[in-house]
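Descriptive analysis of the structure
Residue-level listing of the chains:
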Amino acid sequence: MSRPEEFILTLACRDTKGIVHNVSGLLYQAGCNILDSQQFGDVSGDDATGLFFMRVHFQAPAQLADVATLERLFAHVREQFGMDARIDAVGRRPRVLLMVSQHGHCLNDLLFRWKSGQLPVDIPAIVSNHTTFESLAASYGLPFHHLPLVGGSDPATKRAQEQRIEALIEAEQVDLVVLARYMQILSPEFCERLRGRAINIHHSFLPSFKGAKPYFQAHARGVKLIGATAHYVTPDLDEGPIIEQDVARVDHSLSAEDLTAVGRDVECVVLARAVRWHVERRVLINGHKSVVFR
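Read on for a plain summary of the structure. The model shown is predicted, which means the values in this text are computed figures rather than measured ones. Per chain, residue numbering runs from 1 following the sequence as it is written. pLDDT decides what is reported in this predicted model: residues at 70 or higher carry local features, side-chain atom pairs at 80 or more are listed and counted, and totals for whole chains, interfaces and linings draw on all residues regardless. Note: side-chain values were computed over all heavy atoms of the structure, leaving out hydrogens and water.

Looking now at the overall build of the protein. Across its full length, the protein holds eight helices and 13 strands. Atoms counted for the radius of gyration: C-alpha only. Globule rule: 2.2 Å times the number of residues to the power 0.38. Over its C-alpha atoms the protein spans a radius of gyration of 21 Å, differing by no more than 12% from the 19 Å that the globule rule assigns to 294 residues. Summarising its shape, the C-alpha atoms of the protein cover approximately 60 × 45 × 40 Å along the three principal directions. Buried positions account for 49% of the 294 residues belonging to the protein. Secondary structure elements follow DSSP: runs of H or I of four or more residues count as helices, runs of E of two or more count as strands, with numbering from the N terminus. Each residue is assigned to one of three classes by its accessible area relative to the maximum for its type, calculated with a 1.4 Å probe on protein chains only: buried under 20%, partly exposed between the two thresholds, exposed over 50%.

Laid out in structure tokens, this is it:
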């Protein structure tokens, strides 16, 4: 007997009674087996959105084991509750485009995790506005696209370069873009196009120490904790929904360069977690926040 195929159902809708009962009941009646189910209702506090979120990992019998069939099966419940819902096959590997400038620690970390099987994705290309990591891409057998900002960083030049990236995203059927220390401010048009499917790593524990050389700013303030923040990209610079954060303890004996080295290690770990959780469909956007089912 063939092993039942596995799927992930994620959904968001207004919080109300009967959602879990209807979803689980439908899957049971269809002969599916729920392996894991998590839910959260954002209904407490002044900043509550009133939304309900759910992630269900389930097995489907052979006659239902494709996304299109399951989507049709789920259509009535989706309409009944006004759900924003999605079903993904666990076996499908998301296609991830990596972007980098001249700091390669996060890129190198993601490539190692991918190559060693820790990150279940396909990487169709690496994009950079510099040639610094062309040889690194070649060592992993990955296409490297050097898309420089010829003539400077004026809006027209940046937009023309972004349109080349957009064409690559379309051609390669990219599911997720990861800014692995890509040090360019993206245009509002590009951000909107990538809403919900672009992750940035910010080299500080947001929302503090923004701008240039955050570790030097932190050193000047004598901080005892430094950190990193992975968030979704939005037109508001470094204001997108936060996916993951972490910190490292430091003290007065460390130089600004030492802080930078410690911070880079934290950045790698935080970005890798965020990317993995996104491709495993564990992250749902909740207004300016996110819900992460770990």
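Another aspect to go through is the sheet that holds strand S11 (residues 242-249). Following DSSP output, two strands are said to pair if at least two bridges run between them. Pairing is mixed across the open sheet formed by seven strands, whose spatial order is S7-S6-S5-S8-S9-S10-S11. Looking at the sheet topology across the chains shown, the edges are occupied by strand S7 (144-146) and S11. Taken pair by pair, the neighbouring strands of this sheet meet at an average axis angle of 20 degrees, ignoring direction. In terms of strand pairing, strand S5 (residues 95-100) meets strand S8 (residues 176-179) through four bridges, oriented parallel. Across the sheet, Leu98 pairs through a bridge with Val178, a residue of S8. In this fold helix H5 (residues 155-171) packs onto S5, strand S6 (122-128), S7 and S8, with an angle of close to 155 degrees to the strand it touches most, S5. Note on geometry: axes are lines fitted to C-alpha atoms, helical ones only across the stretch in contact, with angles between N-to-C directions running from 0 to 180 degrees. Residues are treated as being in contact if the distance between any of their heavy atoms lies within 4.5 Å.

As a further point, take the pairing of strand S12 (residues 283-286). Where S12 meets strand S13 (residues 289-292), four bridges bridge the pair, whose relative direction is antiparallel. Its bridge partner being in S13, Leu284 is matched across the sheet by Val291. Here S12 folds back onto S13, and the loop between the two strands holds two residues, one of which, Gly287, carries a positive phi near 65 degrees.

Attention now moves to the sheet that holds strand S3 (residues 51-60). With antiparallel pairing, four strands are arranged side by side in an open sheet as S2-S3-S1-S4. Each having just a single partner strand, strand S2 (33-41) and strand S4 (84-89) make up the two edges of the open sheet. Looking at each pair of strands side by side, their axes are set apart by 10 degrees on average, direction ignored. As judged from the eight bridges shared by S2 and S3, these two strands associate in the antiparallel manner. The residue of S3 that forms the bridge with Gln39 is Met54.

A separate point is the nonpolar core. Within the largest apolar cluster, 44 residues are counted, with the highest numbers of intra-cluster contacts made by Leu98, Leu107, Leu111, Ile126 and Leu271. If one sorts the elements of this core by residue count, helix H8 (residues 256-279) sits on top with ten residues. If we ignore the near neighbours within four places in the chain, the residues touching Leu98 are Leu107, Leu110, Leu111, Ile123, Ala125, Ile126, Val127 and Val178. Counting 24 residues, the second largest nonpolar core, distinct from the first, contains Phe7, Leu11, Leu26 and Ala60. Residue types Ala, Val, Leu, Ile, Met, Phe, Trp, Tyr and Cys, when buried and joined through side-chain atoms within 4.5 Å, form a set referred to as a nonpolar core.

Quick look at the environment of Leu179 now. Relative to the helices and strands, Leu179 resides in strand S8. Taking the C-alpha atoms as reference, Leu179 lies 21 Å from Ala156; in sequence the two are 23 residues apart. When neighbours within four sequence positions are excluded, Leu179 is seen to be in contact with Met99, Leu186, Ile199, Asn200, Ile201 and Val233.

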